[in-house]
Amino acid sequence: MAWTVLRNSGKYTGYYRIPGVKDPLSAGTFVQEKEALRKAQKAEDEARQPGALDPRLGKLTWGSWFTEWHESRSLAYSTDMTYRSTADCHLMPGWRDTKLADIESLHVSRWVRKMQREGVSVWTVRSALMLLKTSLNAAVHAKRIHLNPATHVPYPDLPEGLERYLTPEEVERITFYMNGINALIVWVSVQTGMRFGEVSGLHWPRLNLERGSIQIVEKYDQKANAIDPLPKDNEQRSVPLPTDLVEMLVQYRDFAAPDQQRTCGLRHTAGRCIGDLVFRGPRGAALKSNDFGRGPWKRALEQAGIVDRVRPHDMRHTYASWLLQQGVSLPELAMMMGHADWEVTKKYAHLCPSATHETVRQALTDHRRIAQRIANDHHATLSNATPEIDDQAV
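Note that the coordinates shown come from a computational prediction; the quantities given were computed from them, not determined experimentally.

A.B. asks: Any chance you could explain the pairing of strand β5 (residues 213-216) here in plain terms?
C.D. replies: As a general feature of sheets, a regular strand has side chains that alternate between the two faces. As paired elements, strand β4 (residues 207-208) and β5 share two bridges and run antiparallel to each other. Its bridge partner being in β5, L207 is matched across the sheet by I214. In this structure, the hairpin formed by β4 and β5 is closed by a connection of four residues, where G212 is found at a positive phi of approximately 70 degrees.

Written as structure tokens, this is what we have:
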């Protein structure tokens, strides 16, 4: 039952209780006692609805929530360190002591503009905003808050030429200047969207060349020199292989790959090793992104005449751009790329083909033709159903 308490100021505070909570909760202080009672009754009714949030949860600060949420995640060492560094440098100063329930969209927009005015790079601003959005999405799922206030805050645009996707012709030029194994690594990357650590940690039993698919469940962590399992949310996945890539992998397995060993020889942080690695670096060591990027990748770019800033990780972005340009939806892309949160996939949204004037015109024309055909059929039916006039009856 809701009730009110008269304050020394002459105003009234409305109180109510919810099941399982010992102390009464305040609905606010008001000049009119009726208003205070009405607000308390409304808050009590809402709190008793199925799936309602505990009003106290929104009082948790963002800093405390980030620590609680981030500690529950299963991330690669390098990814974990990157997120913690981003949070410490760019999120904690502004959001550490802010209650989750007090964060508003306007505040987030101002925070983004403040970083831009301070000269923070656009990549860093986008990364910081993505981390904030992802943490607030998790707060919604955990029923700490009703809605994510940062959902509609746009990511800052990248300067022209900074966002780089390779064309099929550029990939052909790059692989032309590589040996067969390095070229195959590039084609696997751009045609599966696998992270470089996932390519490095790929074991032969995960390849199903008969069905044309790869099961992605682990990755190589070059800092720890170990094989780590992928989180079991959306990152573990199966991706299809195009026919030409299957043929290349079959030829590699049968004629070029080293003899397969029973295990890969690397430490597995979880589970046991099920077979040998598909790809290895120089002298049989595990394939490392730094060595690949500074070696065969850099040399091939120079020989191919590609002078733009193109990293090995851009092969993953290239995969996303190719799929979206062919009509694959964002939800399908998120599943193929192993994105645990939609915020990561949304950065590719601008690559989705938009409706041009001609597309819209054609769609409207098609609808008009269908409507006219239906109308003509209807008129024809009416004409056939009209009885003939009997001259003798006139």
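Past the structure itself, the notes keep going.
A.B. asks: Can you walk me through unusual backbone geometry in this structure?
C.D. replies: With glycine set apart, most residues show a phi of negative sign, and most peptide bonds adopt trans. In the Ramachandran plot, N225 falls in the positive-phi region, its phi being about 50 degrees despite a non-glycine side chain. Along the chain, the position of N225 falls in the loop between β6 (218-221) and β7 (226-229). Its identity is not glycine, yet R283 carries a phi of approximately 60 degrees, on the positive side. Secondary-structure assignment places R283 in the loop between β9 (267-268) and α10 (289-304). On the basis of relative accessible area, R283 is assigned to the exposed category, the value being 84%.

A.B. asks: How do you make sense of the state of the cysteines when you look at a structure like this?
C.D. replies: Should the sulfur atoms of two cysteines be covalently bonded, the bond is a disulfide. By the definition in use, this model includes zero disulfides. With no disulfide of its own, C264 lies closest to C273 among cysteine sulfurs, the gap being 3.6 Å. By relative accessible area, which is 5% here, C264 ends up buried.

A.B. asks: Would you mind going over the environment of T192 with me for this structure?
C.D. replies: Along the chain, T192 falls in helix α7 (residues 180-192). On the accessibility criterion, T192 (0% relative accessible area) is buried. Each residue touching T192, except ones within four places of it in the same chain, is listed here: I214, V239, L241, L245, Y319 and M336. Side-chain polar atoms of T192 contact the backbone oxygen of V188, separated by 2.5 Å. From its side chain, T192 meets the backbone nitrogen of M194 in a polar contact 3.3 Å long.

A.B. asks: When you look at the sheet that holds strand β8 (residues 237-240) in this model, what are you seeing that I'm missing?
C.D. replies: Strand pairing in a sheet is mediated by backbone hydrogen bonds. Such pairs are either parallel or antiparallel. If you walk across this open sheet you meet the three strands as β4-β5-β8, and the pairing is antiparallel. Two strands lie at the open edges of the sheet, namely β4 and β8, each paired on one side alone. Bridge analysis of β5 against β8 gives four bridges, and the strand direction is antiparallel. Opposite I214, over in β8, you have V239 as the bridge partner.

A.B. asks: What am I meant to see in α7 here?
C.D. replies: Because each turn of an α-helix spans 3.6 residues, side chains separated by three or four positions end up pointing in the same direction. Between its terminal C-alpha atoms α7 stretches 18 Å, which fits the 18 Å expected from 13 residues at 1.5 Å a residue. By the criterion of burial, α7 is predominantly enclosed, with eleven of the 13 residues buried. Of the positions making up α7, those classed as buried are N182, A183, L184, I185, V186, W187, V188, S189, V190, Q191 and T192. One side-chain oxygen of the residue at the start of α7 lies 3.2 Å from the amide nitrogen of I181, identifying that residue as N179. Immediately beyond the C-terminal end of α7, within one or two residues, lies G193, with a positive phi of roughly 75 degrees.

A.B. asks: What am I meant to see in the nonpolar core here?
C.D. replies: If you look at the biggest cluster of nonpolar residues, it comprises 49 residues, and the most contacted ones within it are L207, L249, F279 and W297. Sorting the residues of this core by element identifies α6 (168-176), α7, α8 (196-200), β5, α9 (243-256), α10, α11 (314-325) and α12 (330-337) as the ones contributing at least two each. With seven residues, α7 is the single largest residue contributor to this core. Setting aside residues up to four positions removed in sequence, F279 forms contacts with I181, L184, I185, V188, V199, S200, L249, Y252 and L287. Counting 28 residues, the second largest nonpolar core, distinct from the first, contains F66, W69, A128 and L132.

A.B. asks: Looking at this structure, I do not really get the sheet that holds β7. What am I missing?
C.D. replies: Pairing in this open sheet of three strands is mixed, and the strands run β6-β7-β9 from one edge to the other. Two strands lie at the open edges of the sheet, namely β6 and β9, each paired on one side alone. Where β6 meets β7, four bridges bridge the pair, whose relative direction is antiparallel. Considered in β7, the bridge of D221 is made with A226.

A.B. asks: In this structure, what is going on with the pattern of salt bridges? I would like to understand it.
C.D. replies: One side chain can pair with another of opposite charge once the charged atoms of both are near each other. Scanning all chains against the criterion turns up 13 salt bridges. For R195, the salt bridge is made with E198, and the minimal N-O distance between the two is 2.6 Å. Where salt bridges share partners, they join E71, D80 and R84 into one cluster.

A.B. asks: Where do I start with the packing of α7 against α11 in this structure?
C.D. replies: Between two packed helices, the angle of one axis relative to the other and the distance separating the axes together describe the packing. Two numbers describe how α7 lies on α11: the axes approach to 6 Å, and their chain directions differ by 45 degrees. Comparing their axes, α11 and α7 come out oblique. In terms of crossing hand, the pair formed by α7 and α11 is right-handed. Listed contacts from α11 to V186, W187, S189, V190, Q191 and T192 of α7 are M315, T318, Y319 and W322. Classifying every residue of the contact of α7 with α11 gives six nonpolar, four polar and no charged.

A.B. asks: Looking at this structure, I do not really get the packing of aromatic side chains. What am I missing?
C.D. replies: Here the distance between the centres and the angle between the planes together describe a pair of aromatic rings. In total, this model carries nine aromatic pairs according to the counting rule given. Here F176 and Y177 contribute two aromatic rings whose centre-to-centre distance is 5.0 Å and whose plane-to-plane angle is 85 degrees, an arrangement assigned as edge-to-face. A residue is classified by how much of its surface remains accessible, and Y177, at 38% relative accessible area, is partly exposed. Ring centres 5.6 Å apart and planes at 25 degrees place the aromatic pair Y252 and F279 in the stacked group. Residue Y252 is found in helix α9, and its partner F279 is found in the loop between β9 and α10; the two are separated by 27 residues along the sequence. Under the relative-accessibility criterion, Y252 is labelled buried at 6%. Its relative accessible area of 0% is what places F279 among the buried residues. Three or more aromatic residues joined by ring pairs form one cluster here, namely W62, F66 and W69.

The rules behind each value
Residues numbered from 1 in each chain as written. Predicted model: local features only at pLDDT ≥ 70, side-chain atom pairs only at ≥ 80, totals over all residues. Heavy atoms only, no water. Pairing = 2+ DSSP bridges. Helix = DSSP H or I, 4+ residues; strand = E, 2+ residues; numbered from the N terminus. Buried < 20%, exposed > 50% of the residue type's maximum accessible area, 1.4 Å probe, protein only. Disulfide = S-S within 2.5 Å. Contact = heavy atoms within 4.5 Å. Polar contact = N/O pair within 3.5 Å; in protein donor to acceptor, adjacent residues only side chain to side chain. Expected span 1.5 Å × (residues − 1). Core = buried A, V, L, I, M, F, W, Y, C linked by side-chain atoms within 4.5 Å. Salt bridge = Lys/Arg side-chain N within 4 Å of Asp/Glu carboxyl O. Axes fitted to C-alpha atoms, helices over the stretch in contact; angles between N-to-C directions. Parallel < 35°, antiparallel > 145°, perpendicular 65-115°, else oblique. Left-handed = near helix turned anticlockwise from the far one by under 90°. Nonpolar A, V, L, I, M, F, W, Y, C, P; charged D, E, K, R; others polar. Phe/Tyr/Trp six-rings, centres within 6.5 Å; stacked < 30°, edge-to-face > 60°.

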